[in-house]
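Report on the structure
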Amino acid sequence: MSLEQHVIQIHVKPESAALLCEESCFSQLDKLLAARGLGQRQSCTAFPGTGYLLVYTDTASGRHATVHVQTKPPFPVLVINVVQPGDQSQLGYITTKVLEELREEVKVLLKCKPFTTKRLPVISHGTEYSCYFPTVDDRWSEYDFDKLVFEQDTPYQNVKIFHSQQYGNVLVLDDDINLAESDLPYTKAITGNGREDFTGKRVLILGGGDGGILRHLLEGKPKYVEMLEIDQVVIDQAIKHLRGCCGSAMDSLTGSNYNVRVEDCVPALHQHIKDGLKFDYIINDLTAIPISTSAKGDFWDFMRLILSLSMQVLAPNGKYFTQGNGIKAQSALKMYEGELAKLDDPVAFSKEVATVPSFQELWVFYEIWKKQ
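The shown structure was predicted, so the numbers you read here are calculated from the model rather than taken from an experiment. Sequence order as written defines residue numbering, which begins from 1 separately in each chain. Confidence filtering applies because this is a predicted model: local features only for residues at pLDDT of at least 70, side-chain atom pairs given and counted only at 80 or more, and all residues used for totals across whole chains, interfaces and linings. The side-chain values count all of the structure's non-hydrogen atoms but skip hydrogen atoms and water molecules.

1. A look at the overall build of the protein
Helical segments are the DSSP runs of H or I of at least four residues, strand segments are the runs of E of at least two, and each set is numbered from the N terminus. Assigned secondary structure in the protein consists of nine helices and 20 strands. We take the radius of gyration over the C-alpha atoms and set the globule estimate at 2.2 Å times the residue count to the 0.38 power. The C-alpha radius of gyration of the protein comes to 27 Å, more than 25% above the 21 Å expected for a compact globule of 372 residues. In terms of principal-axis extent, the alpha carbons of the protein reach across some 80 × 40 × 35 Å. We call a residue buried when its accessible area falls under 20% of the maximum for its residue type, exposed when it is over 50%, and partly exposed in between, using a 1.4 Å probe and counting protein chains only. Classification of the 372 residues of the protein by burial places 47% in the buried group. Partitioning the contacts of the protein with sequence separation of at least 6, the portion at a separation of at least 24 is 60%. When the accessible surface of the protein is totalled, it reaches about 18,000 Å², and 53% of it is carbon and sulfur. Placing the 37 positive and 47 negative side-chain charges of the protein at their respective mean positions leaves the two points 6 Å apart. Only heavy atoms enter the contact rule, under which two residues are in contact if any of them lie within 4.5 Å. Working definition of accessibility: Shrake-Rupley area with a 1.4 Å probe, residue cover restricted to the visible protein chains. Residues counted as positive are Lys and Arg, residues counted as negative are Asp and Glu, and His and the chain ends are not counted. In plain terms, the charge of a residue is placed at NZ if it is Lys, CZ if Arg, CG if Asp and CD if Glu.

2. Side note on the layout of surface pockets
Reported here for the largest pocket is a volume of approximately 1,400 Å³. D176, N178, L286, T287 and A288 are the residues nearest the centre of the largest pocket, which is lined by 46 residues in total. Elements supplying a minimum of two residues to the lining of the largest pocket: β7 (132–134), β11 (168–173), β12 (176–180), β14 (224–229), α8 (298–313) and β18 (314–326). Looking at which element gives the most residues to the lining of the largest pocket, the answer is α8, with four residues. Considered class by class, the residues forming the lining of the largest pocket number 23 nonpolar, 12 polar and 11 charged. If you add up the space inside the second largest pocket, you get close to 270 Å³. A 1.4 Å probe that fits but cannot get out identifies a cavity on a 1 Å grid over protein atoms alone, an open set with protein on both sides within 12 Å along at least five of seven lines counts as a pocket, and a residue lines either if it has an atom within 4 Å of a point. Lining the second largest pocket are 19 residues; nearest its centre among them are E4, V122, S124, Y132 and E142. When residues of the lining of the second largest pocket are traced back to their parent elements, those giving at least two are β1 (3–11) and β6 (117–125). Grid points are joined across faces, edges and corners, and a volume is the space filled by probe spheres set on the points. In the scheme used here, Gly and all other residues not listed as nonpolar or charged are polar, with Ala, Val, Leu, Ile, Met, Phe, Trp, Tyr, Cys and Pro taken as nonpolar and Asp, Glu, Lys and Arg as charged.

3. Observations concerning the sheet that holds strand β19 (residues 347–355)
For two strands to pair, DSSP has to find at least two bridges joining them. In spatial order, the strands read β15-β16-β14-β13-β17-β18-β20-β19; together these eight strands make up an open sheet with mixed pairing. A strand with exactly one partner marks an edge of an open sheet, and here the two such strands are β15 (254–255) and β19.

4. Details of the side chain of H272
Tracing the chain through its elements places H272 in helix α7 (residues 265–275). By the criterion applied in these results, polar contacts are pairs of N or O atoms within 3.5 Å in which, for protein atoms, one can donate a hydrogen and the other can accept it, and in which residues neighboring in sequence qualify only through two side-chain atoms. In this structure the side chain of H272 is engaged in a polar contact, spanning 2.6 Å, whose partner is the side chain of E226. When neighbours within four sequence positions are excluded, H272 is seen to be in contact with E226, R261, L277, F279 and V313.

5. Considerations on the pattern of salt bridges
Put simply, a salt bridge is a Lys or Arg side-chain nitrogen that is within 4 Å of an Asp or Glu carboxyl oxygen. Per the counting criterion, the structure on display carries 23 salt bridges. In this structure, the salt-bridge partner of E104 is K107, at a minimum N-O distance of 3.3 Å. Residue E104 and its partner K107 are both found in helix α2 (residues 96–109); the two are separated by three residues, about one turn of the helix. Overall, E104 belongs to the partly exposed group, its relative accessible area being 33%. The buried category is assigned to K107, whose relative accessible area is 14%. In this structure, R261 and E263 form a salt bridge, with 2.8 Å as the shortest nitrogen-oxygen distance. Judged by its relative accessible area of 28%, E263 falls in the partly exposed class.

6. Some details on the packing of aromatic side chains
Only Phe, Tyr and Trp rings take part, Trp by its six-membered ring, and two of them pair if their centres are within 6.5 Å. Stacked means planes under 30 degrees apart, edge-to-face means over 60, and tilted covers everything else. Under the criterion given, the structure shown has 15 aromatic pairs. Through pairs of rings, three or more aromatic residues link up here, namely Y129, F133, Y143, F145, F162 and Y167. Put simply, a charge is over a ring when the Lys NZ or the Arg CZ is close to the ring centre, within 6 Å, and near the line of the ring normal, within 35 degrees. Stacked on the ring of F279, the Lys or Arg R202 has its end atom at 4.7 Å from the ring centre.

7. Structural notes on helix α9 (residues 330–340)
If you check which residues of α9 are buried, you get A332, L333, M335, Y336, E337, E339 and L340. Where α9 is buried, its residues contact α8, β18, β19 and β20 (362–370).

Right, dumping it as structure tokens:
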């Protein structure tokens, strides 16, 4: 059975903070929580100079609550954390309406001003799948997933596709939001946002298994597009479940002016270098810039390798497009720009920020070209 976690925050005026330390206040809290099926107070632990922790349990229902009292200025606060089984048919299930009533009564008890109290959205634990994903700066985003459409562990990664009422079907790779059917802004940003004319050009896509970039490029009548995607499962499931991204572009993996190759892009790039092949555009859709404290480790080594090989198959006047990371990942973005400065072929770059619906945060994209 799943568990639900509810949090109520009560911010107290500094002049009323003394109330938080009175036993009469605790006794009133005892009555309010007991009346809502949260059981009896089991303990009260004092943290000298800073506050208290009160613990309540109701063993019959499996519910419990903690009340953390923080008295230290400048922001005294009382936080009520309620955990209960997620079965709404259970006798005595505590609804959001009941929690709102509790919030109002505690606000009156502590003489709080309006708008200084808040009930946070419920957090669910132990469900069939998690709807919570972190942003690049470690905040939580909750998605409105209502169905796990597909899941499989491949030799390369865990592949999931969820359905969202807002975003359509959403591709999630190794528990990282990859692309949703709503995310045309991502595809446009990583292909130059309409600034480029792909007519008659040779284009290389690294990754791109969702098919969104391929579909977009083929609409521009290029001379030839080659796509290198290592995971056949991603392609197969995109064709089936991500039609909003790929359309019919991958119904056949070869066409008069394109070829989807299911293989590792590194050996293919080495072969292109050996054969002297050049591309007018390279679009790197493999992975975002790694977030770390330094530009070290396997992910950074892989990124440097792809950059180096790509520059060797990029035409002199060509352009290289790639995603960066979230706009809040400034340290990682700066490290990436430092790596660009170390390339054997001197390059220049520009970057822009796009709003990708399912990412729920602003995302940075790079356009890179060789200096003449």
